[in-house]
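# Reading the structure
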Amino acid sequence: MNLTARYGTLFGLVVILCVFSALAPGSFAQASNLINITQQSSLLAIVALGATSVMVLSEFDLSVGAVVSWAGILAVSLFARGWGIPATIAATLLSSALVGAISGTLVARLRVPSFIATLAIGTIVGGFTFWLSDGATLFGNIPVGFRDLGRGTLAGIPVPTLWALAMTLACIVLLDHTEAGRRMAAIGGNREAARLTGVPIVRSTVLGFAICTLLAGLVGLLLVARLGSAHPTGGNGFLLQAYAAAFLGMTAFRGGDANALGTLLGAVIIAVVANGLTILGVPNYMQDILTGLIILAAVLVRNLGRSRD
């Protein structure tokens with residue numbers, strides 16, 4: 001694999017940074033803005049890392065946005081009922097992981113296509129979210145200690161950025177350096193061959209989907225910590241951007257394979273583009289158009305590099 005296919009996306013990020021620095025030198029290239037970009041990309045990166053865990057299986061989970069919303073609404077509801085921080089976090093993350101486990105079971109054991117299974121499960125979760133919230137934004141007695149999980153800085157680094165880095169490291173270890181990760185990759189590469197070699201298909205698939213929604217639930221909690229409230233559709237915007245980041249990441253470092261480090265890079269690229277275009281006063285619809293074009297360009301660069309191997 002040549003350097004174009006392996007590092008084309010990383011090179012693209014450098015080019016984008018240089019362009020915005022030249023167009024808005026007095027604002028974009030400031031250290032404070034670059035730190036802000038890392039914070040803007042942090043929650044997207046965590047959701048995208050979850051999406052990566054199912055893309056390793058060559059599957060998709062369309063419920064992640066709904067799970068982000070559910071986790072936020074559930075957390076605020078539990079705080080309002082007097083639950084403590086540890087119990088609320090545990091219940092929220094457990095229920096979020098359970099959503100993925102159900103989807104994984106449908107996909108692996110009942111052979112329901114992941115698009116259909118997760119679309120249905122996400123719709124059901126969205127219904128429960130509206131039922132619990134009555135369709136309204138929830139504000140509760142959110143403890144100060146919990147709010148600190150999603151805001152502030154540590155050694156000058158935004159706390160959400162530290163969460164994204166920690167989750168990236170955890171996913172790298174899991175997917176690249178554990179037996180569970182290698183089994184998931186084997187299923188994604190060739191399900192039947194993996195089955196014949198003794199890979200536990202159902203268990204590994206359920207694990208991948210549970211990780212995906214667990215991380216989505218974590219983002220729901222971090223949003224509540226940062227905003228002090230939760231909305232029943234607050235996570236919907238994460239779905240498409242998370243997979244955009246993951247697809248961008250597939251064109252980095254591995255030349256076509258889903259990987260955690262590439263996903264983090266993809267999330268940063270999306271945040272850089274949004275930040276730079278906002279500074280330049282570009283309308284939101286143009287940001288969507290340009291983000292889509294960047295994703296297409298990254299894939300074309302990857303394919304061009306492969307064709308020359």
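Source: prediction; values computed, not measured. (Residues numbered from 1 in each chain as written. Predicted model: local features only at pLDDT ≥ 70, side-chain atom pairs only at ≥ 80, totals over all residues. Heavy atoms only, no water.)

## Describing the packing of helix 8 (residues 179–189) against helix 10 (residues 201–227)
Relative to each other, helix 8 and helix 10 sit at 100 degrees, their axes nearing to 9 Å. Looking at the two axes, helix 8 sits roughly perpendicular to helix 10. For the pair formed by helix 8 and helix 10, the contact residues are Ala180, Arg183, Met184 and Ile187 on the first element and Ile201, Arg203, Ser204, Thr205, Leu207 and Gly208 on the second. Across the contact of helix 8 with helix 10, the residue classes break down as five nonpolar, three polar and two charged. (Axes fitted to C-alpha atoms, helices over the stretch in contact; angles between N-to-C directions. Helix = DSSP H or I, 4+ residues; strand = E, 2+ residues; numbered from the N terminus. Parallel < 35°, antiparallel > 145°, perpendicular 65-115°, else oblique. Contact = heavy atoms within 4.5 Å. Nonpolar A, V, L, I, M, F, W, Y, C, P; charged D, E, K, R; others polar.)

## Focus on the packing of aromatic side chains
All chains considered together, the criterion is met by six aromatic pairs. Judged by centre distance (5.4 Å) and plane angle (45 degrees), the ring pair of Phe20 and Phe28 falls under tilted. On the basis of relative accessibility, which here comes to 8%, the residue Phe20 falls in the buried class. Taking the relative accessible area as the measure of exposure, Phe28 reaches 1% and is therefore buried. Members of the aromatic cluster, connected to one another through ring pairs, are Phe60, Phe115, Tyr243 and Phe247. (Phe/Tyr/Trp six-rings, centres within 6.5 Å; stacked < 30°, edge-to-face > 60°. Buried < 20%, exposed > 50% of the residue type's maximum accessible area, 1.4 Å probe, protein only.)

## Observations regarding helix 4 (residues 85–108)
In a regular helix each residue adds 1.5 Å, so 24 residues correspond to 34 Å; helix 4 covers 34 Å between its end C-alpha atoms and thus fits that length. Among all positions of helix 4, only Thr88, Thr92, Ser95, Ser96, Ala97, Val99, Gly100, Ala101, Ser103, Gly104, Val107 and Ala108 are buried. Next to the buried residues of helix 4 lie helix 3 (64–80), helix 5 (114–133), helix 9 (191–196) and helix 10. (Expected span 1.5 Å × (residues − 1).)

## Points about the side chain of Ser63
Relative to the helices and strands, Ser63 resides in the loop between helix 2 (31–55) and helix 3. Not counting residues within four places of it along the chain, the set of residues in contact with Ser63 comprises Val99, Thr118, Gly122 and Thr213.

## Quick word on a nonpolar patch on the surface
A grouping of Phe11, Val15, Val19, Leu23, Ile279 and Leu280 is seen on the molecular surface, where their side chains present a nonpolar patch of about 520 Å² in accessible area. It is helix 1 (residues 3–23) that provides the largest number of residues to the nonpolar patch, a total of four residues. The topology assignment puts Phe11 in helix 1. (Patch = residues over 30% accessible without salt bridge, like charges linked within 9 Å, V, L, I, M, F, W, Y side chains within 5 Å. Areas by Shrake-Rupley, 256 points an atom, 1.4 Å probe, with all protein chains shown as cover. Salt bridge = Lys/Arg side-chain N within 4 Å of Asp/Glu carboxyl O.)

## Some points on the nonpolar core
Counting 69 residues, the largest nonpolar core has Ile46, Leu215 and Val219 as the members making the most contacts within it. The element best represented in this core is helix 2, accounting for 11 residues. Apart from residues lying up to four places away in sequence, Val219 is in contact with Leu43, Ile46, Val47, Val68 and Phe238. Phe79, Leu221, Val224 and Ala230 belong to the second largest nonpolar core, which has 11 residues in total. (Core = buried A, V, L, I, M, F, W, Y, C linked by side-chain atoms within 4.5 Å.)

## Observations concerning the confidence of the model for the protein chain
Averaged over all residues, the pLDDT of the protein chain is 91; the fraction at 70 or higher stands at 93%. The spread of mean pLDDT over the elements of the protein chain runs between helix 13 (residues 284–307), the lowest at 72, and helix 4, the highest at 98. (pLDDT = per-residue confidence, 0-100.)

## A closer look at the pattern of salt bridges
One pass over the full model with this rule turns up three salt bridges. Note that Glu179 is salt-bridged to Arg182, the shortest N-O span being 3.6 Å. Placement of the pair is Glu179 and Arg182 together in helix 8, with a separation of three residues, close to one helical turn. Overall, Glu179 belongs to the partly exposed group, its relative accessible area being 43%.

## A few points about the packing of helix 2 against helix 12 (residues 260–279)
In the contact formed by helix 2 and helix 12, the axes pass within 7 Å of each other and the chain directions differ by 135 degrees. Between helix 2 and helix 12, the interaxial angle falls into the category oblique. The two elements helix 2 and helix 12 cross, and the hand of that crossing is right-handed. Within the contact between the two elements, helix 2 uses Asn33, Asn36, Ile37, Gln40, Ser41, Leu44, Ala45, Ala48, Leu49 and Thr52 and helix 12 uses Ala260, Thr263, Leu264, Ala267, Val268, Ile270, Ala271, Val272, Asn275 and Ile279. Looking at side-chain class alone, the contact of helix 2 with helix 12 contains 13 nonpolar, seven polar and no charged residues. (Left-handed = near helix turned anticlockwise from the far one by under 90°.)

## Examining unusual backbone geometry
In the Ramachandran plot, Ser58 falls in the positive-phi region, its phi being about 65 degrees despite a non-glycine side chain. The exposure class assigned to Ser58 is partly exposed, which follows from its relative accessible area of 47%. Backbone geometry places Arg111, a non-glycine residue, at a positive phi of 60 degrees. Here Arg111 is to be found in the loop between helix 4 and helix 5. Taking the relative accessible area as the measure of exposure, Arg111 reaches 58% and is therefore exposed.

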